[in-house]
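# Working through the structure, step by step
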Amino acid sequence: MNKRSISPGKIVLYLILAVQAMVTMYPLVWMIVSSLKDNVSFFADPWSIPKNPQFVNYVTAWKEGIQDYMVNSIVITIATLFIVIILSCAFSFMVARFPFKGAGLLVGMFFAGMMIPVHCTLVPLYSMMNGLGWLDSLWALLFPYVASGLPLAIFLTYGHYQQIPMELEEAARMDGCGVIRMFLYIFLPLAKPVISTIGILTAISVWNEFIFANIIISDPVKKTLPVGLLALKGTYNTNYAAVSAALTISAIPIIIVYILMSGKIQAGMVSGAVKS
């Protein structure tokens, strides 16, 4: 019986991947383990396994107001996702299926946006928000978040819509579909893998964003989760075990979203790479 042999190159590759997985997972595991300690054991032996798990740290973190920060982050993340997905899909559908004069230049401008660090716009954006009186508003965060998410979203959806065969569009027209119905009932459902990829990447970016939220929002009630976590750090004394519990709670939603949708990331990233 022939045994399947594994080449030395694959063994090296598997070892590298295993080391990378361990390096990637270690901070998450350490954070969870630290959240189950008391503050004394946290400093006495940071790498030990807790003998008496302190689940009260999660209660403490929750009572410190982390639930309000989480609600704010969930609201702004969902709103950003909705706007980015709708705008990117609608724009890419029009320029890919119904190109007009200057469409290529317009798409190129969005692609160029991926090369500009979004935080370079922090000072002018703050000045604009201050002039309009929009500072300290949770919805003011939508502008930088949507602007930073659109270039990559359009990059993915534009390539995807370009590869869809023209015969599908012609068949829809023969069945009496107008442009809006064609987009809503045919082209938008076909973009599900791409939308899943956009959703994951945008959600992770918005959920973890700190700089804009810290500069624009000053009202503690309106702070998002990354900024609100600073409230758990005292001036002279900090319960680091409770902070670890808060960090664990804040990571759970985005991890769940990633696990549920990660299967479509590869399909979404390569969609449109090869034209049919």
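Source: prediction; values computed, not measured. (Residues numbered from 1 in each chain as written. Predicted model: local features only at pLDDT ≥ 70, side-chain atom pairs only at ≥ 80, totals over all residues. Heavy atoms only, no water.)

## Considerations on unusual backbone geometry
- Unusually for a residue other than glycine, Asp136 sits at a positive phi of about 65°.
- Tracing the backbone shows Asp136 in the loop between helix H5 (122-132) and helix H6 (142-163).
- On the basis of relative accessible area, Asp136 is assigned to the partly exposed category, the value being 24%. (Helix = DSSP H or I, 4+ residues; strand = E, 2+ residues; numbered from the N terminus. Buried < 20%, exposed > 50% of the residue type's maximum accessible area, 1.4 Å probe, protein only.)

## Quick notes on the nonpolar core
- One finds Cys89, Tyr161, Met182, Phe187 and Ile198 to be the most contacted residues of the largest nonpolar core, which totals 28 residues.
- Only helix H3 (56-97), helix H4 (103-112), H6, helix H8 (179-190) and helix H9 (192-208) provide two or more residues apiece to this core.
- The residues contacting Phe187, other than those within four sequence positions of it, are Phe93, Arg97, Tyr161, Ile164, Glu169 and Met182.
- Listed in part, the 16 residues of the second largest apolar core include Ala79, Val206, Phe212 and Val227. (Core = buried A, V, L, I, M, F, W, Y, C linked by side-chain atoms within 4.5 Å. Contact = heavy atoms within 4.5 Å.)

## With respect to the packing of H4 against H6
- Their axes nearest at 8 Å, the elements H4 and H6 cross at an angle of 130°. In terms of their interaxial angle, H4 and H6 are classed as oblique. Relative to H6, the crossing made by H4 is left-handed. For the pair H4 and H6, the contacting residues are Val107, Phe110 and Phe111 in the first and Leu150, Pro151, Ile154, Phe155 and Tyr158 in the second.
- Across the contact of H4 with H6, the residue classes tally to eight nonpolar, no polar and no charged. (Axes fitted to C-alpha atoms, helices over the stretch in contact; angles between N-to-C directions. Parallel < 35°, antiparallel > 145°, perpendicular 65-115°, else oblique. Left-handed = near helix turned anticlockwise from the far one by under 90°. Nonpolar A, V, L, I, M, F, W, Y, C, P; charged D, E, K, R; others polar.)

## A few points about the packing of aromatic side chains
- The tally for this structure, following the rule as stated, stands at 13 aromatic pairs.
- With centroids separated by 5.3 Å and ring planes inclined at 80°, the aromatic side chains of Phe42 and Phe43 adopt a geometry described as edge-to-face.
- Given the relative accessible area of 10%, Phe42 is considered buried.
- Plain terms: the ring middles of Phe93 and Phe98 are 5.6 Å apart, the flat faces sit at 80° to each other, and that makes the pair edge-to-face.
- One aromatic cluster is present, built from ring pairs that chain together Phe93, Phe98, Tyr161, Phe183 and Phe187. (Phe/Tyr/Trp six-rings, centres within 6.5 Å; stacked < 30°, edge-to-face > 60°.)

## Focus: the packing of helix H1 (residues 8-34) against helix H12 (residues 240-261)
- Where H1 meets H12, the axes come as close as 8 Å, and the angle between the chain directions of the two elements is 130°. Taken together, H1 and H12 sit at an angle that is classed as oblique. Read as a crossing pair, H1 and H12 show a hand that is left-handed. In contact with Leu28, Met31, Ile32 and Ser34 of H1, H12 contributes Ala241, Ser244, Leu247, Thr248, Ala251 and Ile255.
- For the contact of H1 with H12, a count of residues per class yields seven nonpolar, three polar and no charged.

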